[in-house]
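These are the residues of each chain, in order.
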Amino acid sequence: MKKALFPGTFDPPTLGHLDLIQRASKLCDKLYIGIGHNSSKNKPLFTLSEKEELVKTITKDIRNAEVISFSGLVVECAQELKVDYLIRGLRTFSDFEYECQMAFANNKMTGIETLFLMADSQYAHLSSTLIKEIAHYKHRLTDFIPASIEEAVFNKLKD
Ligand code: ADP
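Residues numbered from 1 in each chain as written. Predicted model: local features only at pLDDT ≥ 70, side-chain atom pairs only at ≥ 80, totals over all residues. Heavy atoms only, no water.

Go over the side chain of S25, please, and point to the residues and values.
Checked against the element boundaries, S25 lands in helix α1 (residues 15-25). Within polar-contact distance, the side chain of S25 engages the backbone oxygen of Q22 at 2.8 Å. When sequence neighbours within four positions are dropped, the list of residues in contact with S25 reads L31, I62 and N64. (Helix = DSSP H or I, 4+ residues; strand = E, 2+ residues; numbered from the N terminus. Polar contact = N/O pair within 3.5 Å; in protein donor to acceptor, adjacent residues only side chain to side chain. Contact = heavy atoms within 4.5 Å.)

Written out as structure tokens, the structure is:
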């Protein structure tokens, strides 16, 4: 049984995240979606439990997915869960540079492999940061966020 962990900040989750989760869930028997804290990013807008709720809502129909949150290093979480590999997404060349560093470091620390999935071209421009910017100007989020969480995310972000 192959288990994988897709870690991220998900502040908030986007259609791009959901697309990656759907595709990754077909490549393993069990997919953990790990909501963590990225120390190199600004203070998150959503709390860990809010993000957990949002990700649970958008993945409720994916039978082999389980949402968890973790503090500390991704590799420590991966070891606790005994996963076979990490999953990460690649959108742009700048993602590649950052992701290379992380994958090398994670592999050095624990031997764990990272599998990369290319972003779908229709979502490659999408990031949580962009969504926060759009909502700040009170524009609807229909094209960027799964419909099931649009209202919750918009209400939190519009002020
Ligand atoms: P982190 O702070 O760990 O990078 P993010 O939530 O920003 O957390 O991203 C988590 C993972 O999802 C990363 O591998 C990122 O490349 C991927 N990702 C983010 N947005 C998209 C998207 N639009 N399409 C595909 N993958 C994405």
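Lay out the side chain of T9 in plain terms, naming residues and giving numbers.
Topologically, T9 is positioned in the loop between β1 (3-8) and α1. Residues contacting T9, with those up to four places away along its chain left out, are I35, G36, N38, K41 and K51.

How would you summarise the nonpolar core if you had to cite specific residues and measurements?
The biggest cluster of nonpolar side chains holds 34 residues, and the ones touching the most others in it are F6, L31, I33, I87, I131, L141 and V153. Looking at this core, the elements that each hand over two or more residues are β1, α1, β2 (30-35), α2 (48-58), β3 (65-69), β4 (85-90), α5 (128-136) and α6 (147-157). No other element matches α1, which puts five residues into this core. When neighbours within four sequence positions are excluded, F6 is seen to be in contact with H17, L20, I21, L31, Y32, I33, G34, I87, R88 and G89. Listed in part, the 12 residues of the second largest apolar core include I68, C77, L81 and L86. (Core = buried A, V, L, I, M, F, W, Y, C linked by side-chain atoms within 4.5 Å. Buried < 20%, exposed > 50% of the residue type's maximum accessible area, 1.4 Å probe, protein only.)

Explain the site of the ligand residue by residue, including any values.
Around the ligand, 18 residues are found, and the nearest of them are T9, N38, K41, G89 and Y123. Contact distances for the ligand include 2.4 Å between an oxygen atom and a side-chain N or O atom of T9. A distance of 3.0 Å separates an oxygen atom of the ligand from a polar atom in the backbone of F10. Taken by itself the ligand offers 550 Å² of open surface, and the protein chains cover 94% of this. Most atoms of the ligand, that is more than half of them, are within 2 Å of grid points of the largest pocket. Contributing elements (two or more residues each) for the shell around the ligand: β1, α1, β4 and α4 (93-110). Along the lines of polarity and charge, the residues of the shell around the ligand split into seven nonpolar, six polar and five charged. (Near = heavy atom within 4 Å. Areas by Shrake-Rupley, 256 points an atom, 1.4 Å probe, with all protein chains shown as cover. 1 Å grid on protein atoms, 1.4 Å probe; cavity = no way out; pocket = protein on both sides within 12 Å on 5 of 7 lines; lining within 4 Å. Sits in = over half its atoms within 2 Å of the grid points. Nonpolar A, V, L, I, M, F, W, Y, C, P; charged D, E, K, R; others polar.)

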